[in-house]
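Here's the letter readout for the chains.
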Amino acid sequence: SPKETVLGAALSLSEIAERWQKQAPTVFREWLELFASPPIRNRATLGGSLATASPIGDSAPLLLAFDATLHLASAQGERTVALADFFTAYRRAALAPGELIVAIHLPHPLPEHVRFYKIAKRPTDDISSLAACFALDWEEEDTITRARFAFGGVAPTPVRVTAAEKTVLGLPWDESTMHRAQAVFASTLQPIDDHRASAAYRLAMAQSLLEKFLSERSHRRA
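Residues numbered from 1 in each chain as written. Predicted model: local features only at pLDDT ≥ 70, side-chain atom pairs only at ≥ 80, totals over all residues. Heavy atoms only, no water.

(A) Structural detail: the overall build of the chain. Per the secondary structure count, the chain includes eight helices and ten strands. Relative to the compact-globule value of 17 Å for 222 residues, the chain shows a C-alpha radius of gyration of 17 Å, a close match. Judged by the C-alpha coordinates and their principal axes, the chain covers about 50 × 45 × 35 Å. For the chain, with 222 residues in total, the buried portion stands at 49%. When contacts within the chain are restricted to residue pairs at least 6 apart in sequence, long-range pairs at least 24 apart make up 61% of them. For the chain, the accessible surface area stands at approximately 11100 Å², while carbon and sulfur atoms represent 52% of it. (Helix = DSSP H or I, 4+ residues; strand = E, 2+ residues; numbered from the N terminus. Rg over C-alpha atoms; globule rule 2.2 N^0.38 Å. Buried < 20%, exposed > 50% of the residue type's maximum accessible area, 1.4 Å probe, protein only. Contact = heavy atoms within 4.5 Å. Areas by Shrake-Rupley, 256 points an atom, 1.4 Å probe, with all protein chains shown as cover.)

See below:
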């Protein structure tokens, strides 16, 4: 539909890639290469990935950056839930007993400038220490009109840093604006220490990835 892209929750990631070849944003293809291994992508589904409510799953940050909503269904009926409201606590989701995720809806227009980053001990086929997806739209003069900053691995649930998103609206996408967003990251993110990474490392990486996002934009313009 011209108003949205609908991804079937029970399709394997490989099937989604096959069906969504022409219109899929570049970031989706880049993200897919980092999601586990081909045999797992042949079986894994977005519905299963989201329903586990893992704070370090790689699908949630990407879909949060696309402002996704979920179509849920059970014998009692159907409803829609914003993905940003779906994760309620560590490993807890807003699924009622007997309820299933039917589809993931991505509203149009899709954001224009999107990048997904994964920090892990191995480049591929590894659990993330931290995952991030940043999405921006801007007008002439680089004034930001829409922002999405989404993370996994920095809180008990996947999160969007809405305070940072609001902070950058109406500003040019430059170093000063980036520092504003980084400051909000520092005051709102709540990473933990575990065997994959320390809390301090995760916070530093969250801030550093935003700097990388800006530098990649600057490099493309040079």
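(B) Broad picture of the sheet that holds strand S9 (residues 144-152). Pairing in this open sheet of four strands is antiparallel, and the strands run S7-S8-S9-S10 from one edge to the other. A single partner strand is all that each edge strand has here, and the edge strands are strand S7 (113-119) and strand S10 (159-160). Where S7 meets strand S8 (residues 130-138), seven bridges bridge the pair, whose relative direction is antiparallel. Residue pairing for S8: His113 is matched across the bridge by Leu136. (Pairing = 2+ DSSP bridges.)

(C) Structural detail: the pattern of salt bridges. Summed over the entire model, instances satisfying the criterion amount to nine salt bridges. As a salt-bridge pair, Asp58 and Lys118 come within 2.7 Å of each other at their nearest N and O atoms. Highlighted residues: Asp58 in the loop between helix H4 (46-51) and helix H5 (59-65) and Lys118 in strand S7, separated in sequence by 60 residues. Its relative accessible area of 8% is what places Asp58 among the buried residues. Assessed through its relative accessible area of 15%, Lys118 is described here as buried. One network of salt bridges, with partners in common, ties together Glu30, Arg115, Lys212 and Glu216. (Salt bridge = Lys/Arg side-chain N within 4 Å of Asp/Glu carboxyl O.)

(D) Just the packing of aromatic side chains, in detail. The full count for this structure, using the stated rule, is ten aromatic pairs. Ring pairing ties together the aromatic residues Tyr117, Phe134, Phe149, Phe151, Trp173, Phe185 and Phe213, which thus form one cluster. (Phe/Tyr/Trp six-rings, centres within 6.5 Å; stacked < 30°, edge-to-face > 60°.)

(E) Structural detail: the sheet that holds strand S3 (residues 77-82). Strand order in the open sheet formed by four strands is S1-S6-S2-S3, and the pairing between neighbours is antiparallel. Because the sheet does not close on itself, it has two edges, and the strands there are strand S1 (4-8) and S3. Strand-to-strand twist in this sheet, taken as the mean axis angle between neighbours without regard to direction, amounts to 25°. Relative to strand S6 (residues 100-107), strand S2 (residues 69-74) runs antiparallel, the two sharing five bridges. The residue bridging Leu72 from the neighbouring strand is Ile101, located in S6. (Axes fitted to C-alpha atoms, helices over the stretch in contact; angles between N-to-C directions.)

(F) Seen up close, the pairing of S9. The element S9 is largely enclosed, with a buried count of seven among its nine residues. In terms of strand pairing, S8 meets S9 through eight bridges, oriented antiparallel. The residue of S9 that forms the bridge with Trp138 is Ile144. Relative to S10, S9 runs antiparallel, the two sharing two bridges.

(G) Fine view of the side chain of Thr157. You can see Thr157 is positioned in the loop between S9 and S10. Classification of Thr157 as buried rests on a relative accessible area of 13%. Leave out the neighbours within four places in its chain, and Thr157 touches Pro55, Phe87, Thr88, Ala89 and Tyr90.

(H) Molecular detail of the environment of Ala24. In this structure, Ala24 sits in the loop between helix H1 (13-19) and helix H2 (26-34). Residues Ala24 and Phe185, 161 residues apart in the sequence, show an inter-C-alpha distance of 29 Å.

(I) Focus on the side chain of Glu165. As for its position among the elements, Glu165 is in helix H6 (residues 162-168). Sequence-distant contacts of Glu165, that is, excluding residues within four places in its chain, are made with Ala147, Arg148, Phe149 and Arg160.

(J) Spatial organisation of the nonpolar core. Trp31, Leu50, Leu83, Phe86 and Ile104 are the most contacted members of the largest nonpolar core, which totals 40 residues. Secondary structure elements with two or more residues in this core: H1, H2, H4, H5, S2, S6, S7 and S8. In contact with Leu50, other than residues within four places in its own chain, are Ser59, Ala60, Leu63, Leu70, Leu83, Phe86, Phe87, Ile101 and Ile104. Judged by nonpolar contacts, the second largest core, of 26 residues, contains Tyr117, Leu130, Leu209 and Leu214. (Core = buried A, V, L, I, M, F, W, Y, C linked by side-chain atoms within 4.5 Å.)

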